[in-house]
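# Inside the fold
Each chain is listed here by its residues.
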Amino acid sequence: MAWPVQFLFRGLRTVGLVLLYYVFSIGITFYNKWLMKGFHYPLFMTLVHLGVNFCLSALARRAMQCWTGKPRIILTWEDYLRKVAPTALATALDIGLSNWSFLFITISLYTMTKSSAVLFILFFSLVFKLEEPNPFLILVVLLISSGLFMFTFESTQFNMEGFIMVLLASFIGGIRWTLTQVLMQKAELGLQNPIDTMYHLQPLMFLGLFPLFLYNEALSLSASEKLFRVTELSPLLYSLMTLSAGGTLAFGLGFSEFLLISKTSSLTLSISGIFKEVCTLLLAASLLGDRMSKLNWLGFAVCLCGISLHVGLKTYYSKNKVPSIRQLSSKGSELQLPLLRQNGDKCEDSAADDYDDEEEEQEISLH
């Protein structure tokens, strides 16, 4: 009876983690779109989110330190500026441009265009030699790019400015996730724990996005009655509360992604992401009235086929001993622990019991 109970427990745990990921991922997409209708300062909103993320990750680090009794990792300034800064800058631009695009495009177009990030992730993975060259990758590229073309072709709600922003965000997102993968696989940095990674990224992300905010929004925001020219306290508190709520959702999204990977696998996150896109489009069509033709839906289906093929190929070749992320760390060392644990925290008896399952769990997703 122990085996069926354990299997049922794992199934329920996986479903719960996927639903938690859906709540934060879909929730922040619709929340940011709703907020942009009355608050037209997406870069400032992103800066507030980064500040909230930093505070929450700092509190989480303090709680973990009190719980384990061990000090958390703090990088030297040299490692911080040389190795973390590029990832932080790419992440800030990806998130900032994505939020900025909500001023111009629908959630449907945003969701579909962001799906093209797989192409750029694939490209930079090949450049950084994190992905093995394969002829099937040409088919993946053709499916995703043709699906994106069909989705945007003669779309009644198409906006070129917003589309270019999301496409640029997807391109930078390819750099972002590739650099994040390289960053977290370097065992000597000690950033395998996502809370530590988020804690170190947020300040540099803030500094990287702040000049763009000064150039584009600072003057108009200073003259706006949303924050700095308020005549009553209640509108100011309302703006701060809504912005902080978005930051909390952003923190929950990042944490739920890494939690899902560490407790299940990167494949689970990738497959969950495919169905999440379907749920997002269906909700956008039913709740927000986004209009999509049959050709648009066909393009979306073709794009999903390309993403699914990519996920299947990664799974097939990982099981056939194609070098994984763990074998590609800078000094050849392996990541031997789940993302939510520190090096050396795992007991030997637990490792022996769960070794086979955790072979896949250690993969870091490029979703």
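Numbers given for residues are sequential positions, taken from 1 along each chain in its written order. For a predicted model such as this one, the threshold for reporting local features is a pLDDT of at least 70, and the threshold for listing and counting side-chain atom pairs is 80 or more; totals across whole chains, interfaces and linings nevertheless cover every residue. The basis for the side-chain values is all heavy atoms of the structure; hydrogens and waters are excluded.

The condition that has to hold: UniProt positions are given in the numbering used here, feature names are shortened, and annotations may be inferred rather than shown by experiment.
You'll find the chain entered in an unreviewed UniProt entry as Solute carrier family 35 member C2, with Poecilia latipinna given as the organism. Turning to the chain, the UniProt record has this under Subcellular location (unreviewed entry): "Membrane".

## What about the nonpolar core?
In plain terms, the rule: Note on terminology: a nonpolar core comprises buried Ala, Val, Leu, Ile, Met, Phe, Trp, Tyr and Cys residues joined through side-chain atoms within 4.5 Å. Think of it in three bands: residues with accessible area under 20% of the maximum for their type are buried, residues over 50% are exposed, and the middle band is partly exposed, with areas taken using a 1.4 Å probe on protein chains only. Contacts between residues were defined by any pair of non-hydrogen atoms, one from each residue, lying within 4.5 Å.
In terms of nonpolar packing, the biggest core is built from 70 residues, with F39, F44, V84, I144, F151, L221 and I307 touching the most fellow members. Residues in contact with L221, not counting those within four places in the same chain, are F39, Y41, F44, F213, L227 and F228.

## Some remarks on the packing of helix α2 (residues 42-68) against helix α8 (residues 194-216)
Rules: Orientation is described by axes fitted as lines to C-alpha atoms, over the contacting stretch for helices, and by angles from 0 to 180 degrees between their N-to-C directions. Counting from the N terminus, the helices are DSSP H or I runs at least four residues long and the strands are E runs at least two residues long. An angle below 35 degrees is treated as roughly parallel, one above 145 as roughly antiparallel, one from 65 to 115 as roughly perpendicular, and anything else as oblique. Left-handed describes a crossing in which the near helix is turned anticlockwise from the far one by less than a right angle; the clockwise case is right-handed. Polarity classes work like this: nonpolar for Ala, Val, Leu, Ile, Met, Phe, Trp, Tyr, Cys and Pro, charged for Asp, Glu, Lys and Arg, and polar for all others, with Gly in that last group.
Two elements in contact, α2 and α8, have axes separated by 9 Å at closest approach and are oriented at 160 degrees. In terms of their interaxial angle, α2 and α8 are classed as roughly antiparallel. Once α2 is placed against α8, the crossing between them reads as left-handed. Of the residues in the contact of α2 with α8, the class split is 18 nonpolar, six polar and two charged.

## A short note on the confidence of the model for the chain
Our working rule: On a scale of 0 to 100, pLDDT captures the predictor's confidence in every residue.
In this model, the chain carries a mean pLDDT of 76, and residues with pLDDT of at least 70 account for 79%. α2 holds the highest mean pLDDT among the elements of the chain, 91, whereas helix α13 (residues 348-361) holds the lowest, 43. Per-residue pLDDT stays below 50 along residues 321-367; that stretch engages in 92 contacts with residues further than four places along the chain or on separate chains.

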